[in-house]
Amino acid sequence: GAVVSQHPSWVICKSGTSVKIECRSLDFQATTMFWYRQFPKQSLMLMATSNEGSKATYEQGVEKDKFLINHASLTLSTLTVTSAHPEDSSFYICSAPPAGNYNEQFFGPGTRLTVL
Amino acid sequence: QKEVEQDPGPLSVPEGAIVSLNCTYSNSAFQYFMWYRQYSRKGPELLMYTYSSGNKEDGRFTAQVDKSSKYISLFIRDSQPSDSATYLCAMSDPTGNQFYFGTGTSLTVIP
């Protein structure tokens, strides 16, 4: 199946700093990628849809100025958590649909963010 | 009412048992139904993908969709300790613009 990678896999940062998470589709092009957040023992919550060459679409309640998304190429989307706070500590996962098949998402391995 | 309901478990079974995992949903527009397996601290992995009603089998895994009851199931035959993970159901409408996950069911298969 298609491969999606994320980097870093784990990051610890101080409160108030910004953290960038990368999501790459390794063997296919993705005009759209999705960013999710998952708290312990909870399901994935869609944060935003990243669109190559245009602005991201954010879900209700997600602050676009806090979670900056840049879909710079057909294989790379980045999520920057700006001025991170302890409540932003979570597992961030990206996904990408191969060949635009939105019902067959391939997920990255996730990035665990801990904000001290 | 949540769009997708899934019993979080935890579910613990002996090795070799048949496991049944279920989700219910409320939106009749959902047409695509997926099951994902997620190991601890990893991203979800697509296991099964079905369209509309019916059954789909892949090895030890069988996915069933009953649209009339808004109920989907994943059966695991001859369960193995390596099947121990959290299983998430997911579903979407035909456009893929609405994509909803269940909360996940934690499964442990005891050797």
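Here we summarise the structure given alongside this text. Note that the structure is predicted; figures quoted are calculated from it, not measured. (Residues numbered from 1 in each chain as written. Chains lettered and ligands numbered in written order. Predicted model: local features only at pLDDT ≥ 70, side-chain atom pairs only at ≥ 80, totals over all residues. Heavy atoms only, no water.)

1. Comments concerning the sheet that holds strand β6 (residues 54-58) of chain B
Residue and element names in this part refer to chain B. As summarised here, the arrangement of the 5 strands in space is β1-β3-β8-β7-β6, forming an open sheet in which the pairing is antiparallel. What marks the edges here is a single partner per strand, and that holds for β1 (4-6) and β6. Sheet twist, expressed as the mean angle between neighbouring strand axes with direction ignored, is 15°. Across 6 bridges, the pairing between strand β3 (residues 19-25) and strand β8 (residues 71-76) is antiparallel. Residue pairing across strands places asparagine 22 opposite serine 73, the latter belonging to β8. (Pairing = 2+ DSSP bridges. Helix = DSSP H or I, 4+ residues; strand = E, 2+ residues; numbered from the N terminus. Axes fitted to C-alpha atoms, helices over the stretch in contact; angles between N-to-C directions.)

2. Digging into the state of the cysteines
Residue and element names in this part refer to chain A. For the coordinates displayed, the defined rule picks out 2 disulfides over all chains. Two residues, cysteine 23 and cysteine 94, share a disulfide whose sulfurs are 2.0 Å apart. Sign of the S-S torsion, about 80° for the bond between cysteine 23 and cysteine 94, identifies this disulfide as right-handed. Of this pair, cysteine 23 sits in strand β3 (residues 19-25) while cysteine 94 sits in strand β9 (residues 90-96), and the two are 71 residues apart along the sequence. Given the relative accessible area of 0%, cysteine 23 is considered buried. (Disulfide = S-S within 2.5 Å. Buried < 20%, exposed > 50% of the residue type's maximum accessible area, 1.4 Å probe, protein only.)

3. As for the sheet that holds strand β7 (residues 67-73) of chain A
Residue and element names in this part refer to chain A. Here 4 strands make up an open sheet; going across it, the order is β1-β3-β8-β7 and the pairing antiparallel. Of all strands in the sheet, those bounded by a partner on one side alone are β1 (4-7) and β7. The mean inter-strand angle of the sheet, taken between neighbouring strand axes irrespective of direction, is 20°. Relative to β3, β1 is paired through 4 bridges, and the arrangement is antiparallel. Its bridge partner being in β3, histidine 7 is matched across the sheet by glutamate 22.

4. A look at unusual backbone geometry
Phi is mostly negative for residues that are not glycine, and the peptide bonds are mostly trans. A cis amide bond, omega 0°, links His7(A) with the succeeding residue Pro8(A). Its place among the elements puts Pro8(A) in the loop between β1 and β2 (10-13). Put simply, Gly9(B) and Pro10(B) share a cis peptide bond, and its omega is 10°. Relative to the assigned elements, Pro10(B) resides in the loop between β1 and β2 (11-14). Unlike most non-glycine residues, Ser83(A) shows phi in positive territory, near 45°. The phi dihedral of Ser52(B) is positive, around 60°, even though this residue is not glycine. Position of Ser52(B) among the secondary structure elements: in the loop between β5 (45-51) and β6.

5. Side note on the side chain of Thr111(A)
Residues and elements named next belong to chain A. Inspection of the secondary structure puts threonine 111 in strand β11 (residues 111-115). Of note is the side chain of threonine 111, whose polar atom sits 3.1 Å from the side chain of glutamine 6. At 2.5 Å, the side chain of threonine 111 forms a polar contact with the backbone oxygen of proline 8. Apart from residues no more than four positions distant in its own chain, threonine 111 is found in contact with Gln6, His7, Pro8, Ser9, Trp10, Val11, Ile21, Ser90, Phe91 and Tyr92. (Polar contact = N/O pair within 3.5 Å; in protein donor to acceptor, adjacent residues only side chain to side chain. Contact = heavy atoms within 4.5 Å.)

6. Description of the packing of aromatic side chains
With the rule as written, the count across this model stands at 11 aromatic pairs over all chains. Ring geometry for Phe67(A) and Tyr92(A): centres 6.4 Å apart, planes at 40°, overall tilted. Here Phe67(A), found in strand β7, pairs with Tyr92(A), found in strand β9; they are 25 residues apart in sequence, far enough to count as distant. Tyr92(A) matches Phe67(A) in its accessibility class, with the two residues each being buried. Pairing Phe107(A) with Phe101(B) gives two aromatic rings, centres 5.8 Å apart and planes at 70°, and the pair type is edge-to-face. (Phe/Tyr/Trp six-rings, centres within 6.5 Å; stacked < 30°, edge-to-face > 60°.)

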